[in-house]
Amino acid sequence: MSIRPNPDTGPASLRAPGAIGAEGQPQAAIVEGPASTGRRRLFMAGSVIAAMLLSGCGFQLRGPQALSFATLHINAAAQSELGASLRRLVATSGTTRIMDEAEQADARLQILSSDRGREILSLTGAGKVREYQLTQTLRFQLLDKAGKALIPPTSISARREYTFDDSQVLGKEQEEDLLYRDMQNDLVQQMMRRLAAVNHAG
């Protein structure tokens, strides 16, 4: 006499209570393994962390900054990266034109200095550089047509850190250039926000 297995005696974790198959027999439920559950939890945790980082760093979309003066003169050369960035952002404001002659402008933006620096943050056990900190500082002022300070001499700065590997000197030089460019863009945005906060009656 042969003994047929009872389909109802399978492991409880493989049966969906109340699920009936085509032949009236209980169906096995699809059970997620620990790897699938772990991936889902990791994805959810990553999403939460990303949202916290974005909110923590004050991330926001930066639109055009409206300025209260109709014309502006900038003493940074239009061919320089800094001068070109400032002129481009002022042009997007829709409120202000750049003037070539300072005497013709309602306000004058004067870049007093632009300095870059690099210092060692840490060394390896062999005495080689492990990390650098890069800094960039801009000092500027804004004057009206009569020479009165709308923004007195002001310094703004930015910092970035990066790891160094002397076996990849060329790649690290390119990374450093990108970090300096990113800092300058950050400083230009800061400067534009300060210009937008000026209430100049004309």
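Above this text is the structure in question.
No experiment lies behind these values; they were computed from the predicted model shown.

(A) The arrangement of helix H2 (residues 81–93) in detail. The end-to-end C-alpha distance of H2, which contains 13 residues, comes to 19 Å, matching closely the 18 Å that a straight helix rising 1.5 Å per residue would cover. Within the sequence span of H2, burial applies to Leu82, Gly83, Ser85, Leu86, Val90 and Ser93. Looking down the long axis of H2, one finds its buried residues gathered within 165° of arc, a one-sided arrangement. Across from the buried face of H2, at angles greater than 90 degrees, the exposed residues are Arg88 and Ala91. For H2, the secondary structure elements touched by its buried residues are strand S3 (71–74), strand S4 (97–98), strand S5 (107–123), strand S6 (129–144) and helix H3 (169–196). Note on H2: the residue one or two positions beyond its end, Gly94, has a positive phi of about 75°.

(B) The nonpolar core, seen in detail. Within the largest apolar cluster, 30 residues are counted, with the highest numbers of intra-cluster contacts made by Leu72, Leu86, Leu109, Ile111, Leu142 and Met191. Elements with a contribution of two residues or more to this core: S3, H2, S5, S6, strand S7 (149–163) and H3. What Leu72 contacts, discounting residues up to four positions off in sequence, is Val90, Thr96, Arg97, Ile98, Met99, Ala105, Ala107, Arg108, Leu109 and Leu142.

(C) Representation of the packing of aromatic side chains. For the structure on display, the rule yields two aromatic pairs. On the basis of an interplanar angle of 80° and a centroid distance of 5.5 Å, the ring pair of Tyr132 and Phe164 is categorised as edge-to-face. Highlighted residues: Tyr132 in strand S6 and Phe164 in the loop between S7 and H3, separated in sequence by 32 residues. Overall, the relative accessible area of 10% leaves Tyr132 in the buried class. In textbook terms, an aromatic cluster arises when at least three aromatic residues are bridged by ring pairs, as seen for Tyr132, Tyr162 and Phe164. A cation sits over an aromatic face here: Arg118 above Tyr132, 4.2 Å from the ring centre.

(D) Summary view of the pattern of salt bridges. According to the stated counting rule, one finds seven salt bridges in the structure shown. Ionic pairing is found between Arg181 and Glu81, a salt bridge with its closest N-O pair at 3.7 Å. Residue Arg181 is found in helix H3, and its partner Glu81 is found in helix H2; the two are separated by 100 residues along the sequence. Taking the relative accessible area as the measure of exposure, Glu81 reaches 40% and is therefore partly exposed. In the salt-bridge network here, residues are joined through shared partners; they are Arg160, Asp182 and Asp186.

(E) The packing of H2 against H3, seen in detail. It is at 10 Å that the axes of H2 and H3 come closest, and there the two elements cross at 40°. In terms of their interaxial angle, H2 and H3 are classed as oblique. The handedness of the crossing between H2 and H3 is right-handed. For the pair H2 and H3, contact is made by Glu81, Leu82, Ser85, Leu86, Leu89 and Val90 and by Arg181, Gln184, Asn185, Val188, Gln189, Met191 and Met192, respectively. In terms of residue class, the contact of H2 with H3 is made up of seven nonpolar, four polar and two charged.

(F) Here's a closer look at the sheet that holds S7. Ordered by their spatial adjacency, five strands build an open sheet running S4-S3-S5-S6-S7, and the pairing between neighbours is mixed. Each edge of the sheet is formed by a strand with only one pairing partner; in this case those strands are S4 and S7. Bridge count between S3 and S4: two bridges; the pairing is parallel. Residue pairing for S4: Thr71 is matched across the bridge by Arg97. Contacts from H2 reach S3, S4, S5 and S6, with the element oriented near 175° to S3. Each of S5, S6 and S7 touches H3; the most contacted strand, S7, lies at about 155° to it.

Cut-offs and rules
Residues numbered from 1 in each chain as written. Predicted model: local features only at pLDDT ≥ 70, side-chain atom pairs only at ≥ 80, totals over all residues. Heavy atoms only, no water. Helix = DSSP H or I, 4+ residues; strand = E, 2+ residues; numbered from the N terminus. Expected span 1.5 Å × (residues − 1). Buried < 20%, exposed > 50% of the residue type's maximum accessible area, 1.4 Å probe, protein only. Arc of directions from axis to C-beta. Contact = heavy atoms within 4.5 Å. Core = buried A, V, L, I, M, F, W, Y, C linked by side-chain atoms within 4.5 Å. Phe/Tyr/Trp six-rings, centres within 6.5 Å; stacked < 30°, edge-to-face > 60°. Lys NZ or Arg CZ within 6 Å of the ring centre and 35° of its normal. Salt bridge = Lys/Arg side-chain N within 4 Å of Asp/Glu carboxyl O. Axes fitted to C-alpha atoms, helices over the stretch in contact; angles between N-to-C directions. Parallel < 35°, antiparallel > 145°, perpendicular 65-115°, else oblique. Left-handed = near helix turned anticlockwise from the far one by under 90°. Nonpolar A, V, L, I, M, F, W, Y, C, P; charged D, E, K, R; others polar. Pairing = 2+ DSSP bridges.

What is shown is where atoms sit, not what they do.
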